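One-letter residues, chain by chain:
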Amino acid sequence: MGLALDRGGAVIGRRRFLAATGLTGLAALTGCGPLTAEVAGLPLPSALPPPRPFAVPLPIPPVARPVRPGHYEVTQRAAKVEIVPGTTTEIWGFDGHFPGPTFDLRRGEAATVRVRNELPVPTSTHLHGGVTPPDSDGYPTDLVVPVGRTLPRGAHHGMGGPVEPTAHPGAKDYRYPVEQRAATLWYHDHRMDFTGPQVWRGLAGFALIRDDEDDALPLPRGDRDIPLMICDRSFEEDGSFAYPSLDPTLVGEPGVRGAYMAGVEGDVILVNGAPWPVCEVVGARHRLRLLNASNARRYRLELRPGGRFVQVGGDLGLLAAPVAHDALVISPGERFDVVVDFSAYRPGTEVTLVNTLGDGPARNVLRFRVTRAVRDDARVPRRLASVRPAERAAAVTTRVFDFRRSGQGPASAWTVNGVPYRPGRTLARPRLGTAEVWRFASDFHHPVHVHLAHFQVLSRGGRPPRASDAGWKDTVDVRPYEVVEALVRFEGHRGRYMTHCHNLEHEDMAMMADFEVV
Ligand code: C2O
Ligand code: CU
Ligand code: CU
């Protein structure tokens, strides 16, 4: 922990120094070289001693039940839960759960979700990976105002100037056409300037889309198909979540204390809301739907004492063919659908999912305990789905989105193409039904996410994509001084959407941009 702190501190110290001397941008970070190569945020140490790892069972989030076919109602509210054994934590959750209930959706069956807000702050709910009409996409200023309240004054000035929000009193109906292929999506808060702290408090959950193509495959199913939401949190001595907000009520000044602008990393790793849980599995193949729901932390996942991830899907559904990985780097917002064959281990074996980028206890994520050998009918076929490979020639134009820190001292912000986010300022107008090459450039770790439009990675640092870039994606891990090129398809809806960094502190500190599909 001390080392990590020094490490993070050194980054900021150096950046501050360089900002003060006017040496920002490229020069400021290259000098940090290998020390910062994989560290994406700044560790926030817990005051509470860390809980014993592998002592609590892995929870599975409840499945949302429709109030009538195709209609759901959820209430965002505070709840007291036991995360660290022996303490209570107040969370903000959908129906009081963290993670929120899992929406089990089916391609071709539209869903309406009424989100009612009983929290003390406004919210906006985004279905990440969804092909959603713009008025249901969770635009940051399209706010659900708490029941019985008005918008808090002065809360929505935005980093880029004054903002006129749209206010829905008490509740809003989000309409999801669900015309897209099967995939592991997730939903989370997207409120202007406050997404980081509001997701940290618990406003996130899974939405799984199923379809005939996925169902027809002999992949593991039922209780051998497990969604795993991985995120990090820190705790105060009394068990409450720690987060370095400038205004902990989240109604006044947005933002975090200085150095945490790089991103907040917790020192306790939660999976489905439980710290370093343990999951009993039979000796058979399991489908694990990995989601990195952390604000800033990147993970390089490996199995100990050894084992492979056979990737069958990426952010937006099945790959054309499985890809085997010994390790998987997952950045905030990304998903990997993998099959792990636990028949490879003798019953009684403990298999630990570790993060080789983590320090100390944060190196552990989750432990599987293999109980007994069973018959296994599941397998991973050599061909999974028909996925047309992206062709650069299909693009009608190329655009550059440069994700970097701009400005100096207290006036500095995370920007896209040199400008801090301002709602309504449109950086691109792609045409519906076309594809474009988008080049994402960066000065730091920026997990770049695009709403609505799905993409395939064409190149990374001028070279072919890495193995884990395969398939349709909505979020891509762009590393310091790297350029990632993606073929982006604009399909489904016209209107205003956004691209942004999914490091939520960067997002809150202006690293977003609007685009409009015309
Ligand atoms: Cu998962 Cu605009 O975010
Ligand atoms: Cu999204
Ligand atoms: Cu970023």
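Just so you know, these numbers come straight off a predicted model, no measurement behind them.

**So, the overall build of the protein chain**
Part 1 of the reasoning: Of the regular secondary structure elements, the protein chain holds six helices and 35 strands.
Part 2 of the reasoning: Over its C-alpha atoms the protein chain spans a radius of gyration of 21 Å, differing by no more than 12% from the 24 Å that the globule rule assigns to 518 residues.
Part 3 of the reasoning: Expressed as lengths along the three principal axes of its C-alpha atoms, the size of the protein chain is roughly 60 × 50 × 50 Å.
Part 4 of the reasoning: Counting every position in the protein chain, which comprises 518 residues, the buried fraction comes to 59%.
Part 5 of the reasoning: Long-range pairs, those at least 24 residues apart, make up 79% of the contacts in the protein chain between residues at least 6 apart in sequence.
Part 6 of the reasoning: When the 61 basic and 58 acidic side-chain charges of the protein chain are each reduced to a single mean position, those positions are 3 Å apart.

**What about the coordination of the copper ion (ligand 2)?**
Part 1 of the reasoning: Protein coordination at the copper ion (ligand 2): the donors are H126 (NE2) and H449 (NE2), at 1.8 to 1.9 Å from the metal. On the criterion of sequence distance, the pair formed by H126 in strand β6 (residues 125–128) and H449 in strand β30 (residues 446–450) is long-range, its members being 323 residues apart. The same class applies to H126 and to H449, which are both buried.

**Observations concerning the domain arrangement of the protein chain**
Part 1 of the reasoning: With domains assigned, the protein chain is organised as domain 1 (71–215), domain 2 (222–373) and domain 3 (392–517).
Part 2 of the reasoning: Taken residue by residue, the interface counts 42 residues in domain 1 and 44 residues in domain 2.
Part 3 of the reasoning: Taken together, both faces of the contact between domain 1 and domain 2 bury some 3300 Å²; the carbon and sulfur share is 65%.
Part 4 of the reasoning: Counting across the interface, domain 1 meets domain 2 through two salt bridges.
Part 5 of the reasoning: Sorting the residues of the side of domain 1 that touches domain 2 by element identifies β3 (89–94), β10 (183–189), α4 (195–200), β11 (204–210) and α5 (212–215) as the ones contributing at least two each.

**Digging into the environment of R52**
Part 1 of the reasoning: Here R52 shows up in the loop between β1 (42–43) and β2 (71–81).
Part 2 of the reasoning: Taking the relative accessible area as the measure of exposure, R52 reaches 64% and is therefore exposed.
Part 3 of the reasoning: Considered as a pair, R52 and D402 are 350 residues apart in the sequence and their alpha carbons are 42 Å apart.

**Topic: the environment of P227**
Part 1 of the reasoning: With respect to the helices, strands and loops of the structure, P227 is situated in strand β12 (residues 225–235).
Part 2 of the reasoning: Distance from P227 to R52, taken between C-alpha atoms, is 23 Å for residues 175 residues apart in sequence.
Part 3 of the reasoning: The residues contacting P227, other than those within four sequence positions of it, are F206, N272 and R289.

**Re the coordination of the copper ion (ligand 3)**
Part 1 of the reasoning: Distances from the copper ion (ligand 3) to its protein donors, H446 (ND1), C501 (SG) and H506 (ND1), fall at 2.0 to 2.1 Å.
Part 2 of the reasoning: In the primary sequence, the donor residues of the copper ion (ligand 3) line up as H-x54-C-x4-H.
Part 3 of the reasoning: Residue class for H506 comes out buried when judged on its relative accessible area of 0%.

**Section: the pairing of strand β23 (residues 335–341)**
Part 1 of the reasoning: Across the seven residues of β23, six count as buried, placing the element largely inside the fold.
Part 2 of the reasoning: Taken together, the seven bridges between strand β18 (residues 285–292) and β23 define a ladder with antiparallel strand orientation. Pairing of R285 across the sheet is with D341, part of β23.
Part 3 of the reasoning: Note that strand β20 (residues 309–314) and β23 share three bridges and pair antiparallel. Bridge pairing links G313 to D337 in β23.

**Quick notes on the nonpolar core**
Part 1 of the reasoning: Among the nonpolar cores identified, the biggest contains 89 residues, and L290 and F440 are the most heavily contacted of them.
Part 2 of the reasoning: Setting aside its immediate chain neighbours within four residues, F440 contacts F401, F403, V448, V450, V476, V478, E482, V483, V484 and A486.

**Let's talk about the packing of aromatic side chains**
Part 1 of the reasoning: Counted under the stated rule, the structure contains 19 aromatic pairs.
Part 2 of the reasoning: Taking 6.2 Å as the distance between ring centres and 85° as the angle between the ring planes, the aromatic pair formed by F98 and F241 counts as edge-to-face. Of this pair, F98 sits in the loop between β3 and β4 (100–106) while F241 is found in strand β13 (residues 241–242), placing the two residues 143 residues apart along the sequence.
Part 3 of the reasoning: Relative to F440, the ring of W438 lies with its centre 6.4 Å away and its plane at 85°, an arrangement referred to as edge-to-face. Residue W438 shares its accessibility class with F440, and that shared class is buried.
Part 4 of the reasoning: Among the aromatic residues, ring-to-ring pairing joins F401, F403, W438, F440, F455, F490, Y497 and F515 into one connected group.
Part 5 of the reasoning: One residue, R233, lies across the ring of W200, its end atom 4.9 Å from the ring centre.
Part 6 of the reasoning: The side chain of R367 reaches across the aromatic face of F54, ending 3.9 Å from its centre.

**Re the sheet that holds strand β35 (residues 512–517)**
Part 1 of the reasoning: Reading across from one edge, β28-β35-β34-β30-β32 is the order of the five strands in this open sheet, with mixed pairing throughout. Two strands close off the open sheet at either side, each with one partner strand: β28 (426–428) and β32 (475–478). Each strand axis lies, on average, 35° off the axis of its neighbour in the sheet, ignoring direction.
Part 2 of the reasoning: Pairing of strand β34 (residues 495–501) with β35 involves six bridges; the strand directions are antiparallel. Along β35, the bridge assignment pairs M498 with D514.

Each value, and the rule that gives it
- Residues numbered from 1 in each chain as written.
- Chains lettered and ligands numbered in written order.
- Predicted model: local features only at pLDDT ≥ 70, side-chain atom pairs only at ≥ 80, totals over all residues.
- Heavy atoms only, no water.
- Helix = DSSP H or I, 4+ residues; strand = E, 2+ residues; numbered from the N terminus.
- Rg over C-alpha atoms; globule rule 2.2 N^0.38 Å.
- Buried < 20%, exposed > 50% of the residue type's maximum accessible area, 1.4 Å probe, protein only.
- Contact = heavy atoms within 4.5 Å.
- Lys, Arg positive; Asp, Glu negative; His and termini not counted.
- Charge placed at Lys NZ, Arg CZ, Asp CG, Glu CD.
- Donors = N, O, S within 2.8 Å, 3.2 Å for Na, K, Ca; no water.
- Domains from an automatic or database assignment.
- Buried area = accessible area lost by both parts, 1.4 Å probe.
- Salt bridge = Lys/Arg side-chain N within 4 Å of Asp/Glu carboxyl O.
- Pairing = 2+ DSSP bridges.
- Core = buried A, V, L, I, M, F, W, Y, C linked by side-chain atoms within 4.5 Å.
- Phe/Tyr/Trp six-rings, centres within 6.5 Å; stacked < 30°, edge-to-face > 60°.
- Lys NZ or Arg CZ within 6 Å of the ring centre and 35° of its normal.
- Axes fitted to C-alpha atoms, helices over the stretch in contact; angles between N-to-C directions.

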